[in-house]
Structure formats: C-alpha cells, structure tokens
Amino acid sequence: MFKKIISVALVAFALSAEVLADEGMWLPALISQRIGDMQAKGFKLTAEDIYSVNQASLKDAVVLFGSGCTGELISGEGLLVTNHHCGYSQIQKHSSVEHDYLRDGFWAMTRSEELPNPGLTVKFLERMEDVTDLIVNKGYTAEQLVNDAVGGVNGRKAQVESIFYGNQYYLFVFREYRDVRLVGAPPSSIGKFGGDTDNWMWPRHTGDFSMFRIYADKDNNPADYSADNVPYTPRKYFRISRAGVKEGDFTFIYGCPGSTREYIHSEGVRYISEVSDPAKVGLRTLRLDIMKKYMDSSQQVRIQYSSKAASVSNAWKKWQGEAMGIDKNMVVDRKRGYEQRFREWAKGTEYDGVVDSLGALYAELEPYNLMKEYYQETAYTVEIASFANRYLKADSVQRNAVRESFYKDYYQPIDKECFIAMMGAFDRQAKGSLRPEYLDRQLAEYGSIEAWAEAVFGDSLNIAYEFYSEFMNWYREDVLPQITRINGEIESLYKVYMRGQMAFEPERTFYPDANLTLRVAYGKVQGYEPSDGVYYYPNSTLRGVMEKDNPEIFDYNIPQVLRDIYAQGGYEDTPVCFLATNHTTGGNSGSPVINADGDLIGINFDRVWEGTMSDIAFDPRICRNISLDIRYLLFVVEKVGGASHLLEEMTFAN
Ligand code: ARG
C-alpha cells in the first residue's frame, strides 16, 4: 500500500504540530496549566470558575451518574440531565405493559409523580488532592487516606487513584446522594432515534436525554429514599444558553471519561488494531448476523433481543472505527518513530532498554491475551451456559425468579446457532498448550460441534453447566495467571517508561489517561472530512429527523406527535445535534457541553466511529464528539412532553 512507504520521519513531522490541538482530558485541579490556552481560544471564565474547593464552581454542578455516566444540575432544585441511554435501565424498570415509558416516554407533572430508583446514586466531587508525597515518602497507605477523608460523614466517599502508571497518586473525595428520582424521558423513538443504525455516526438525530432529580434530607444532606426528603439545593447549577451553536465556537466538556491509553507502546497499539479489534469484530459479526436473521422474522424475538443486540453491536462498531483510524493515521508507525527517537535519547540513562523490554513482554503476552479475548467472545457468551451457572447456584427461593427473567428474553435457536458458530471459531483458533483438553474430549465424544450442541441445549441443564465451568476453569488455570504475571511486569515498566516520556519531552504538558475521574476537555464546534471530497457540517436539525422518518423501519419510526408538530410548520430548523473536537470517551455520556461563558449548550452522548481511535491517539482532523443541542431538549420537553413546568425552574442566559 502507498501509505506504508511514506517515511516514518515524514509522517511524524507532518503530524506533530497539529496533534496537540484540542487533545487532552485535564485534571480540574490543575486546569490553571491550561486556562491560558482556553482563554486564548475564547473561554471567558477563570480557572477558579471551573474548579475551586472554597467557592462554588462549575465542578459542583457535575456528577458521576450511576456507575459509568455523567450528569449535570440544571436548576436550583436538584434537577439533573443525563443521556437517555444512561437512564435507560431506570426507565425500563418503571415500565410495564400498561405504562410503557420506554415506548411512550415519561413526564412527571408534579413532584409527587417523580419516581424513586433504589440503588441509583450520584456523586459530587468535593475535592481532589495530590497525595504522591504522602504515599511515596511519608508511608501513608491509600486506605488510611481514604478513611481519614471519609471520617464517618454521611454520604462521603473517597478513593485514591494512581495516575501516569503509578508515578503520582490523587485522593478524590466525593459526596454521594442516594435518593435520585426519574423526572422525565422522551419516547425511545426520540431518545434512541436511529438506534444501532446511527450509533457512532454522523449525521445524527438522537434526542439522547433523560431527567432526574436529586433529593436530600431537610438539611440538604444525603438520605435514603423517604417521602419526607426535599429537592437538593446545589452549590452550583448550569445556566442554559439558547443563543445557538455554530462552527468555530469554543466548547468545553466537564465529565467522567472512563478509560484511555494514550502513552502505550507501539506493540500494544498494533495488537489492538491488527489482532484484537479484527478478531473481536469478526466474532461479533457472526453473532449479530444470527441475531438479526431471527429478529427480522419475528416481532417477539426482536423485542427479546434488541437490548442484547445493541450491546453487542455498540463495541463492534466502535472497534471497527478504532482499527481503521489507527491504520489510516499510521499510529503504529508513528509510535515506532517516536520510540526510535526515545531509544536514542535514553542511551545510558535509567530509561535505556525500557522500550525494547516492553516490546518483548507484549510479544509474550499476545497469545494469552488473544485466547482470553476469544474465550470472552465465544464460550463466555453462550447464554444457556451462564444461565445454568446462575440457576444451579441460586437457592430454591431465588430459582424461579432467575428462570423467569432469563426465559422472558431468551430464544434458543439464536443461542444454539451462536454456540455452533462461536465454538467453530474457537476450535480453529485454539492450538497447542492453549487448547482446552475439554474441547478435544467433547469433539471426540460427539463427533461434531453440531452434535455437541444438541447435548448442551438438551433437556437437562447439566451439560450446559459443565461447559460453563470447564471453560471457566481452563481460563482461570491456563490463561489468566500468565496474563496477570506479564501484565504486572508491563505495568511496572510503564511506570518507568511514562516517567521517561516526560523527561524526554520536558516542554510538553501531559494529561493522565482517563480513569472515570472528573476531567475537562476543550475544543470547538467543528465538522470534519470523513473521506476525500466529503465534508460533514457540524449541526443537524429536525428536518433531518423527518428525512429519516419511516414507520416501516423500527430505528426511524418517530412518534406521531412529532409528525403532527412538524406538520404545523416552522420547526424545520429546530437544532438537534452538533459535533465538536472535545476529547471524550465512554463515561462522558451525559456530560455537559459548555460555551465560552460557562453556559450549557449541549449534552455529550457519542463520538463518530471514524475517530474512536482517540482512546489511543487523538487526531483533531477526524476525532469528534457528538452532543445533543440543549435547544432540542427544551423543544422535546415542551412540545412533545407537554412538561413546560420543568422549563420554569431553569435559568436561561439568553
Ligand atoms: N455509542 C454510545 C456509547 O458508547 C451510545 C450507545 C447507546 N446507543 C445504542 N444505540 N446502542 O455509549
């Protein structure tokens, strides 16, 4: 291929200047390092407005929602917004055949109609503190620091996280509220509009939001659900801007990105893009094709498998974009070029040899890692097997419930066909010492995978259970210990290599990989060129929703009420979504998208698939996050939900 013969040095040169623009997930407590750049790009507030321990700041309006999303406060009475896909399981739990809130949406018309969600929590960051010195030099343990910080305060939580591969430690102190009620959600045909078809893609027209309210005791402290609780009064909430969002506008995102690996070795990147992603995509393609075949021919099966297929397809699509983006951007070659320069520089220092040792460890890890991923994508996905395990381990009281909830959404022909396809793929992959003996015993006994499937899916659950536990034991004994050992060595070398990278480029400001702690990313509203000759504009409108509308296609069948509103005329240009260059990842779902004045302009919910390699290498030319335009939320709440009382408690900047 042409691009492979471009010299590495040339590539590195061409990209180095550009690559840093808009890249980064910065620690709020250190935002003073970036505030000059932010202000130069248009931001009008100060570092103290973003993060302050002593006075109310924007951080006080942002929460970790549940265990893996972000949410933000938009009223003085505890009203919070996040994504529809973040509130999905709560909306689903309150739904029944009589009240199908997933299908029809839900709007609490009074406070007393707001629905409690036992187990759902939100966490505010109270403060973060560099505790490296305490841990490294003063002999404190993480546990001591956490205990001291919590000090028995109701709702206070703390954790110590290492950043830069154990080179620094931060203590994060949170306040967790545990009475969080559902206030509103649009019908899924708005909140999930476009479904898996449009997921990770632009142009996008998804109204991906839901609304909750935090409740507290009479003193504004965290409390278990009680009818006596009152709406929480936040230290800070976002004003909403209706002024519009246009190409070039400064934007900044405050949220909880989950996991990125920006500083890894070229061999780690090569494994992801050339081995792991393609293997996992191939296996999931087989499963998705099987699911789709049955879902297309039965409405009932479609309902049973839509959420399962959605979760299989979400990462499937992301991995395709990630592998493609790494390849197209020659990330492996660029990393190799960087490593070569590092190697030269490191000669005779404590960093000498670290790059090569890491390369060797990755080579050792690869066969085990690949087997682990094959196991996770094949044997481990057989539904009847994990059900057999859960069922046989449940006590007699729980068993009925376990069985009912499993069979409600189970269609055996899908599971059986997937079993045959997955075990076929596993059989072709597993060789030598990494091949479970059990597999050969079964193939000898039954003669073929098809005949083996008849037994696994027979009347008794025993063979399915045996399958589950034999594979699990093999994985735990033959695969996992090796991975744990090699990864341990890799991690300790990364600690050295990371320090080395910082010494190698002393003028560069490094940001730590994402770890689900609060971060700031900033950039601007901007379209992109997905391929030669094609430009995507950064804004979408209701006109595009209507262009996609099709009652025959599940993902594009909008509610009739939206058609009726549109037919009245004048709503064509209602904004729906927009693109920006903010560096985000999974966990940033629901994050506030903020303008130069600090006002809320959108809610982050996705990225474009061509740019999902940003978890490994951010390229400002193609990496874009996708946000809901806050004005679409206002439109849906008022016009579709008829819940304009909710707008009355918001504060508008304009
Ligand atoms: N891609 C987004 C994320 O990673 C949205 C996923 C939910 N939507 C869906 N159609 N599956 O979380």
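Residues numbered from 1 in each chain as written. Predicted model: local features only at pLDDT ≥ 70, side-chain atom pairs only at ≥ 80, totals over all residues. Heavy atoms only, no water.

Novice: Would you mind showing me how to read the overall build of the chain here?
Specialist: For the chain, the helix and strand inventory stands at 24 helices and 20 strands. Relative to its length of 654 residues, the chain is compact, with a C-alpha radius of gyration of 26 Å against a globular reference of 26 Å. On the principal axes, the C-alpha backbone points of the chain span a range of 70 × 65 × 60 Å. Relative to its 654 residues, the chain shows a buried fraction of 56%. Counting only carbon and sulfur atoms, one obtains 51% of the accessible surface of the chain, whose full area is about 27,300 Å². (Helix = DSSP H or I, 4+ residues; strand = E, 2+ residues; numbered from the N terminus. Rg over C-alpha atoms; globule rule 2.2 N^0.38 Å. Buried < 20%, exposed > 50% of the residue type's maximum accessible area, 1.4 Å probe, protein only. Areas by Shrake-Rupley, 256 points an atom, 1.4 Å probe, with all protein chains shown as cover.)

Novice: I'm lost on the site of the ligand in this one. Help?
Specialist: The environment of the ligand is formed by His85, Gly195, Asp196, Asn199, Trp200, Asn314, Phe605 and Asp606. Between the ligand and the protein, one listed contact pairs a nitrogen atom with a side-chain N or O atom of Asn199 at 2.8 Å. At 2.8 Å from a nitrogen atom of the ligand is found a side-chain nitrogen or oxygen belonging to Asp606. Across the complex, the protein chains shield 83% of the 340 Å² of accessible surface that the ligand would expose by itself. (Near = heavy atom within 4 Å. Polar contact = N/O pair within 3.5 Å; in protein donor to acceptor, adjacent residues only side chain to side chain.)

Novice: Help me understand helix H15 (residues 383-393) in this model?
Specialist: The α-helix advances 3.6 residues per turn, and as a result positions three or four apart in sequence lie on the same side. Looking only at H15, the buried set comprises Glu383, Ile384, Ala385, Phe387, Ala388, Asn389 and Tyr391. Summarising the contacts, the buried residues of H15 are in contact with helix H12 (299-328), helix H16 (396-408), helix H17 (412-429), helix H19 (449-456) and helix H20 (462-504). (Contact = heavy atoms within 4.5 Å.)

Novice: For this particular structure, what's the right way to read the nonpolar core?
Specialist: One recurring pattern in soluble globular proteins: nonpolar side chains tend to sit buried together. Ranked by size, the top nonpolar core spans 183 residues in total, and within it Met211 and Phe252 carry the most contacts. The element contributing the most residues to this core is H20, with 15 residues. Excluding residues within four positions of it along the chain, Met211 makes contact with Ile74, Leu79, Leu80, Val81, Trp107, Arg181, Leu182, Val183, Gly184, Val637, Leu646 and Met650. Residues Leu145, Ala149, Leu171 and Val173 belong to the second largest nonpolar core, which totals ten residues. (Core = buried A, V, L, I, M, F, W, Y, C linked by side-chain atoms within 4.5 Å.)

Novice: Can you help me understand the sheet that holds strand S20 (residues 625-629) in this one?
Specialist: In any sheet, the strands associate via hydrogen bonds between backbone groups, in a parallel or an antiparallel arrangement. The antiparallel open sheet is built from seven strands, whose spatial order is S13-S12-S18-S19-S20-S17-S16. Looking at which strands have only one partner, the edges of the open sheet turn out to be strand S13 (519-524) and strand S16 (539-541). Averaged over all adjacent pairs, the angle separating strand axes in this sheet is 30°, with direction ignored. The pairing of strand S17 (residues 575-580) with S20 spans four bridges and is antiparallel. Bridge assignment links Cys577 to a residue of S20, and that residue is Leu628. (Pairing = 2+ DSSP bridges. Axes fitted to C-alpha atoms, helices over the stretch in contact; angles between N-to-C directions.)

Novice: Looking at this structure, how should I read the state of the cysteines?
Specialist: Note: disulfide means a covalent bond formed between the sulfur atoms of two cysteine side chains. Tallying each qualifying case throughout the model produces one disulfide. The disulfide partner of Cys69 is Cys86, and the gap between their sulfur atoms is 2.1 Å. Here the S-S torsion is close to -80°, and the disulfide linking Cys69 with Cys86 is therefore left-handed. Here Cys69 is found in strand S2 (residues 69-73), whereas its partner Cys86 is found in helix H5 (residues 84-93), with 17 residues between them in sequence. When its relative accessible area of 10% is taken as the criterion, Cys86 is described as buried. (Disulfide = S-S within 2.5 Å.)

Novice: What is the right way to look at the pairing of strand S3 (residues 79-82) in this model?
Specialist: Residues of S3 alternate between two faces, with Leu79 and Val81 on one and Leu80 and Thr82 on the opposite face, all of them buried. Hairpin connection of S2 to S3: five residues between the antiparallel strands, including Gly78 at a positive phi of 75°. By the bridge criterion, four bridges tie S3 to strand S10 (residues 210-216) in an arrangement that is antiparallel. Across the sheet, the residue bridging to Val81 is Met211, located in S10.

Novice: Which parts of the structure should I look at to understand the side chain of Glu176?
Specialist: Along the polypeptide, Glu176 turns up in strand S8 (residues 168-177). Polar contacts involving the side chain of Glu176 include one to the side chain of Lys157, which spans 3.1 Å. When near neighbours in sequence (up to four residues on either side) are disregarded, Glu176 contacts Thr121, Val122, Lys123, Gly155, Lys157 and Pro222.

Novice: So what exactly am I meant to see when it comes to the pairing of S8 here?
Specialist: Looking along a regular strand, one sees side chains alternate from face to face of the sheet. Among the ten residues in S8, eight count as buried, and that is most of the element. As paired strands, strand S6 (residues 122-130) and S8 are joined by eight bridges and run antiparallel to one another. Pairing of Glu129 across the sheet is with Leu171, part of S8. Bridge analysis of strand S7 (residues 156-163) against S8 gives eight bridges, and the strand direction is antiparallel. By the bridge assignment, Val160 is partnered in S8 with Leu171.

Novice: I would appreciate a short explanation of the packing of H19 against H20 in the present structure.
Specialist: The axes of two packed helices give the description: the angle between them and the distance between them. H20 packs onto H19 with a crossing angle of 115° between their chain directions and a minimal axis gap of 7 Å. Viewed along their axes, H19 and H20 adopt a mutual orientation that is roughly perpendicular. For the pair H19 and H20, the contacting residues are Trp452, Ala455 and Val456 in the first and Ile463, Ala464, Phe467 and Phe471 in the second. (Parallel < 35°, antiparallel > 145°, perpendicular 65-115°, else oblique.)

Novice: Help me understand the packing of aromatic side chains, please; the structure alone is not making it clear to me.
Specialist: By convention here, two paired aromatic rings are described through the distance between centres and the angle between planes. The tally for this structure, following the rule as stated, stands at 49 aromatic pairs. Centroid distance Phe342 to Trp345: 5.3 Å. Interplanar angle 50°. Geometry classified as tilted. Of this pair, Phe342 and Trp345 both sit in helix H13 (residues 331-346), three residues apart, which is roughly one turn of that helix. Looking at Trp345, the relative accessible area reads 32%, which means it is partly exposed. Here Trp345 and Tyr351 contribute two aromatic rings whose centre-to-centre distance is 5.8 Å and whose plane-to-plane angle is 15°, an arrangement assigned as stacked. An aromatic cluster is defined as three or more aromatic residues linked by ring pairs; in this entry it consists of Tyr375, Tyr380, Phe419, Phe426, Tyr438, Trp452, Phe457, Phe467, Phe471, Trp474 and Tyr475. Geometry around Trp26 places Arg34 over its ring, the cationic atom sitting 4.2 Å from the centre. The aromatic ring of Tyr391 is capped on one face by Arg399, whose charged end is 4.8 Å from the ring centroid. (Phe/Tyr/Trp six-rings, centres within 6.5 Å; stacked < 30°, edge-to-face > 60°. Lys NZ or Arg CZ within 6 Å of the ring centre and 35° of its normal.)

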